[in-house]
Amino acid sequence: ARIVLQKRIEMKYNDPNIFMGMSKILLQENDTAAALKFIEQGRDIFNDNYALIKEQVKLYSLLGKSEELLKQLSEDIDYDPENSILYLIRGSLYEKQKSFDEAEKDYLKTIELNPDYFIANYNLGALYYNQGVIISNAAKDILDNKVYAKEKEKADAKFKVAIPYLEAAYKIDKKDIATMQSLKILYARTGDTEKFNVMKEKLEKATE
């Protein structure tokens, strides 16, 4: 498989999965640095491929080079402040580091520059949704009803703010199952029975 993939890279096949495949092989051989080189080579060709972007962020983190990537991205943004992809990558890295406020800012900037960017809308919606889940889960252990009610309110606010971004992602790609599943859960959590039923039906049809 390795030889075949290498030949395809040399022949300049128009497929980002070739670089993902080479990276996986090298990761199995515990050669993370070489795996990263192939991912970066792929990103030079397929600049906005999100699978490659995610893998790049993951491998930099595995190599303990997150701060190096963060610095590089910030310098690139200073040089090219209208490049939505750079904000998306930096936002993904911030999210991986659990710097959620910074991730939120970068995802919002990505959407401002490119409103129809599916991944940016999905990521931001998922970020708010996950924050809501964290607050909601923590609230289960609170015995004081007033404190619990306040925390539930905070969680519900996160769920509500997640919905428009996931709805935007759904409008861009109506076949994405993860978006549909997230919206179905959010409609249930926020008590929007009508939208819940519509999405439930669409999801059932999509997964038949």
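Per-chain numbering applies: the sequence of each chain, read as written, is numbered from 1 onward. Totals for whole chains, interfaces and linings use all residues, but because this is a predicted model, local features are given only for residues with pLDDT of at least 70 and pairs of side-chain atoms are given and counted only at 80 or more. Heavy atoms throughout the structure, all of them, feed into the side-chain values; hydrogens and water do not.

Visitor: What's the story with the overall build of the chain in this structure? I'm lost.
Guide: Per the secondary structure count, the chain includes 11 helices and 0 strands. If you list the helices and strands of the chain from N to C, you get α-α-α-α-α-α-α-α-α-α-α. Whether a residue is buried, partly exposed or exposed follows from its accessible area with a 1.4 Å probe, protein chains only, as a fraction of its type maximum: under 20%, in between, or over 50%, in that order. The 208 residues of the chain split such that 41% are buried. Placing the 32 positive and 35 negative side-chain charges of the chain at their respective mean positions leaves the two points 4 Å apart. For the purposes of this entry, the term helix denotes a DSSP run of H or I that reaches at least four residues, the term strand denotes a run of E that reaches at least two, and both are numbered from the N terminus. Counting rule applied: Lys, Arg positive; Asp, Glu negative; His and chain ends not counted. Every charge is mapped to an atom, namely NZ of Lys, CZ of Arg, CG of Asp or CD of Glu.

Visitor: When you look at the packing of aromatic side chains in this model, what are you seeing that I'm missing?
Guide: Aromatic ring pairs are defined here through the distance separating the ring centres and the angle between the ring planes. For Phe, Tyr and Trp, where Trp contributes only its six-membered ring, two rings pair if their centres lie within 6.5 Å, and the inter-plane angle classes them as stacked under 30 degrees, edge-to-face over 60, or tilted in between. On inspection of all chains with the given rule, the structure shows 4 aromatic pairs. Residues F19 and F46 carry aromatic rings whose centres are separated by 6.3 Å and whose planes lie at 65° to one another, so their mutual orientation is edge-to-face. With F19 in helix α2 (residues 17-28) and F46 in the loop between α3 (32-45) and α4 (50-62), this pair connects stretches of sequence that are 27 residues apart. No difference in accessibility class separates F19 from F46, as the two residues are buried. With a centroid separation of 5.9 Å and an interplanar angle of 45°, the aromatic rings of Y129 and F159 are classed as tilted. You can see Y129 sitting in helix α8 (residues 118-139) and its partner F159 sitting in helix α9 (residues 145-172), a full 30 residues away along the chain. Its relative accessible area of 15% is what places Y129 among the buried residues. Classification of F159 by relative accessible area gives buried; the value is 1%.

Visitor: Even after reading the chapter, I still don't get the nonpolar core, so can you show me in this structure?
Guide: Most often, soluble globular proteins have nonpolar side chains that are buried together. Within the largest apolar cluster, 54 residues are counted, with the highest numbers of intra-cluster contacts made by L88, L183 and L186. The dominant element in this core, judged by the number of residues it contributes, is α8, at 10 residues. Here, residues are in contact when the closest pair of their heavy atoms is within 4.5 Å. Among residues more than four places away in sequence, those in contact with L186 are Y129, F159, A162, I163 and L166. Residues belong to a common nonpolar core when they are buried Ala, Val, Leu, Ile, Met, Phe, Trp, Tyr or Cys residues joined through side-chain atoms within 4.5 Å.

Visitor: Before we go on, may I ask you to explain the environment of L59 in this structure?
Guide: Along the chain, L59 falls in helix α4. Classification of L59 as buried rests on a relative accessible area of 0%. Every residue in contact with L59, bar those within four places of it in the chain, is listed here: S23, L27, T32, A35, L36 and I39.

Visitor: What is the right way to look at the pattern of salt bridges in this model?
Guide: Pairs can form between side chains of opposite charge whenever their charged atoms are close. Just to be clear on terms, a salt bridge is a Lys or Arg side-chain nitrogen sitting within 4 Å of an Asp or Glu carboxyl oxygen. Tallied over the full model, the rule gives 9 salt bridges. Of the charged contacts in the structure, one is a salt bridge between E55 and K58, with a shortest N-O distance of 3.3 Å. On the criterion of helical spacing, the pair formed by E55 and K58 is a turn pair, its members being 3 residues apart in helix α4. E55 gets classed as buried once you look at its relative accessible area, which sits at 12%. The salt bridge involving R90 is made with D106; its shortest N-O contact spans 2.7 Å. Note that R90 is positioned in helix α6 (residues 84-96) and D106 in helix α7 (residues 100-113), a separation of 16 residues in sequence. One exposure class covers both R90 and D106, and it is buried.

Visitor: How should unusual backbone geometry be read in this particular structure?
Guide: Negative phi values dominate among residues other than glycine, just as trans dominates among peptide bonds. Of note, N30 is a non-glycine position whose phi angle comes to about 60°, a positive value. Residue placement: N30 occurs in the loop between α2 and α3. Classification of N30 by relative accessible area gives exposed; the value is 69%. Unusually for a residue other than glycine, K98 sits at a positive phi of about 65°. For K98, a relative accessible area of 63% gives the class exposed.

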